[in-house]
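Coordinate inspection notes
Given next are the chains, with one letter for each unit.
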Amino acid sequence: MASKNRGVWPQIVSLHTMSPRQKAQVAFVSAVALLFMSGLAAWFTITRLLESEKWVVHTHEVRAALGDIDSAVLRAGRARSGYVISGADDFLSQVAVAALEIPRALQHLRDLTWDNPRQQELCSRLESVTARRVALLRESIQSKKESPQDDQRQADLERRSVPIASEITSIMQQMREQEQQLLKIREGAAHRRLILTVVTLSTAFILALVLLAIHYRFLSAELKAREQAETMARDSEDSLRRLTGRLLQLQDAERRKFSRELHDSLGQYLAGVKMTLEMFATRREEYLLAEAIQLLDQSIAETRMISHLLHPPLLDEAGLSSAAKWYLEGFAQRSGIEIKIDLPDNVGRLPKPVALGLFRVLQESLTNIHRHSESMKAEVVLTLLPQQVILKVRDFGKGIAPELLKGFLAKGTNSGVGLAGMRERIRDLGGQLRIQPCQPGTLISVTMPLTERAEEMAAASAD
């Protein structure tokens, strides 16, 4: 029993987990099945109605056969009376013809009622009574031939034929009533079948219309979803193309930036060291050597600064909290923006992709604040929860224009490569990026899950 239930349960579950296309197919097949059943019901009803009509015709045929028997008996009786009164031989031929028709009519009546035992019994009685009636007619004719003046004999035969005629009439009436009862029963059954079939056809037709409407609804929903998916795919393709172009521009801009940094800072220091060493080679003065050493120290510090900006080693060595504090302190000194920091000390070692993603969001957010917001202060809050980590960066500047924010939230357009890059990075890690306008300023909130996906990303990056 348990194994049987296990076999049925997946089928029940599959009905609830079908795709819209499968549900539409089920609705369409059900509608076709109902229409097919409606056709069968209509065929069954028409067949039954034809059978009922056949039984109505059968009743009329039985009545006609009884009428033929009655007519033949009456004609034989009238012909016998005419012969007795007039003695004309023409009436004898009429009696003979009627006497021949009566057995044929009786046999036809028996054939019509062969499936009804009660009617067959009445047929047998009718055959016996009509035979007696015909025998009396022949006896009357024979008596007329032998004793034309014997009226008493004819009167006796006439009295004997009265109860026989009454019995014939009674039997025929019983047969007619029997056929009428059967006709009523058959018509009642046909009427009930007709009503049942009409109700069945109406219900099936309505259900078929409902299922076809459901089928149309599923197809419309699927078509709409496909159109939306195609629209989103086109938008994503356009966004990806724009993002790729912006990334290439940003890459060139970053290269120019680092080229200027190397030329203006590290290159100047190294050029100064070279000139100082050349002067020391000619003058041999000790202060020139000390100045060269100082310039080399500044070159080393500038190199370390550029390296830290590209990828801070504290992020790998001490974790996100230490790397973020180091970067925020340096950013505050260089930009003059006052930054309120709320970072927990017990962040621990987050997965590398998560830590790097949060750090890049922090860098990009502060860069946007410095470039666009005109804010003189900012707030950075990092919250660590059991299943997720939340980073919030807020400025108190002029904020993002509503149309730009609306375009970014809807399609990610007109937002620059920084915000689009942040959103794609966070989405790839399974997180969410939210941008909310504040009074004043803007709040950027990033929620990153600490799930198996992050651990898989960390393992992949380690490999």
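As a reminder, the structure under discussion sits directly above these lines.
The following refers to the structure shown.

**Quick look at the overall build of the protein chain**
When helices and strands are tallied, the protein chain shows 12 helices and five strands. Each of the 463 residues in the protein chain was classed as buried or not, and the buried ones make up 34%. Expressed as a percentage of contacts within the protein chain between residues at least 6 apart in sequence, the contacts between residues at least 24 apart total 70%. A total of about 28,600 Å² of accessible surface is found on the protein chain, and carbon and sulfur atoms cover 59% of it.

**Section: the environment of serine 166**
Along the chain, serine 166 turns up in helix H5 (residues 151-283). As a C-alpha pair, serine 166 and valine 129 span 37 residues in sequence and 10.0 Å in three-dimensional space.

**Things to note about the sheet that holds strand S2 (residues 377-384)**
Ordered in space as S1-S2-S3-S5-S4, the five strands form an open sheet in which the pairing is mixed. Of all the strands in the sheet, the pair left with one neighbour each is strand S1 (338-342) and strand S4 (432-437). Along the sheet, successive strands turn relative to each other by an average axial angle of 10°, direction set aside. Summarising the sheet, S1 and S2 pair through five bridges and their orientation is parallel. Across the sheet, residue isoleucine 339 finds its bridge partner in S2, namely alanine 378. Relative to S1, helix H8 (residues 320-335) is tilted by about 165°, and along the sheet it contacts S1 and S2.

**Overview of the pairing of S2**
As judged from the seven bridges shared by S2 and strand S3 (residues 388-395), these two strands associate in the antiparallel manner. Pairing of alanine 378 across the sheet is with aspartate 395, part of S3. The hairpin formed by S2 and S3 contains three residues between the paired strands.

**Here's the deal with H8**
For H8, built from 16 residues, the straight-helix expectation of 22 Å at 1.5 Å per residue is met to within 8% by its first-to-last C-alpha distance of 22 Å. For H8, the set of buried residues is Leu320, Ser321, Ala323, Ala324, Tyr327, Leu328, Gly330, Phe331 and Ser335.

**Here's the deal with the pattern of salt bridges**
Counting across every chain of the model gives eight salt bridges. We note a salt bridge from arginine 80 to glutamate 158, for which the minimum N-O separation is 2.5 Å. You can see arginine 80 sitting in helix H2 (residues 20-86) and its partner glutamate 158 sitting in helix H5, a full 78 residues away along the chain. On the accessibility criterion, arginine 80 (6% relative accessible area) is buried. The partner of arginine 118 in a salt bridge is glutamate 121, with the nearest N and O atoms 3.6 Å apart. Of this pair, arginine 118 and glutamate 121 both sit in helix H4 (residues 117-146), separated by three residues, roughly a single helical turn. Taken together, the salt bridges that share partners define one network made up of Glu139, Arg153 and Arg160.

**Observations concerning the packing of aromatic side chains**
Geometry of an aromatic ring pair is reported as the spacing of the ring centres plus the angle between the planes. Summed over all chains, the structure comprises zero aromatic pairs. Its end group placed over the ring of phenylalanine 396, lysine 377 keeps NZ or CZ at 4.8 Å from the ring centre.

**Things to note about a nonpolar patch on the surface**
Taken together, the side chains of Phe28, Val29, Val32, Leu35, Phe205, Ile206, Leu209, Val210, Leu212 and Ile214 define a hydrophobic patch exposed on the protein surface, amounting to about 840 Å² of accessible area. The set of elements that each furnish at least two residues to the nonpolar patch consists of H2 and H5. The element that contributes the greatest number of residues to the nonpolar patch is H5, accounting for six residues. Of note, leucine 212 is situated in helix H5.

**Overview of the nonpolar core**
Formed by 32 residues in total, the largest nonpolar core has its most connected members in Leu358, Leu362, Leu366, Val380, Leu391 and Met448. Those elements that place two or more of their residues in this core are H8, helix H9 (352-373), S2, S3, helix H11 (416-428), S4 and strand S5 (442-449). No other element matches the eight residues that H9 contributes to this core. Excluding residues within four positions of it along the chain, valine 380 makes contact with Leu328, Ile339, Lys340, Ile341, Asp342, Leu343, Leu362, Leu391, Lys392 and Val393.

Each value, and the rule that gives it
- Residues numbered from 1 in each chain as written.
- Predicted model: local features only at pLDDT ≥ 70, side-chain atom pairs only at ≥ 80, totals over all residues.
- Heavy atoms only, no water.
- Helix = DSSP H or I, 4+ residues; strand = E, 2+ residues; numbered from the N terminus.
- Buried < 20%, exposed > 50% of the residue type's maximum accessible area, 1.4 Å probe, protein only.
- Contact = heavy atoms within 4.5 Å.
- Areas by Shrake-Rupley, 256 points an atom, 1.4 Å probe, with all protein chains shown as cover.
- Pairing = 2+ DSSP bridges.
- Axes fitted to C-alpha atoms, helices over the stretch in contact; angles between N-to-C directions.
- Expected span 1.5 Å × (residues − 1).
- Salt bridge = Lys/Arg side-chain N within 4 Å of Asp/Glu carboxyl O.
- Phe/Tyr/Trp six-rings, centres within 6.5 Å; stacked < 30°, edge-to-face > 60°.
- Lys NZ or Arg CZ within 6 Å of the ring centre and 35° of its normal.
- Patch = residues over 30% accessible without salt bridge, like charges linked within 9 Å, V, L, I, M, F, W, Y side chains within 5 Å.
- Core = buried A, V, L, I, M, F, W, Y, C linked by side-chain atoms within 4.5 Å.

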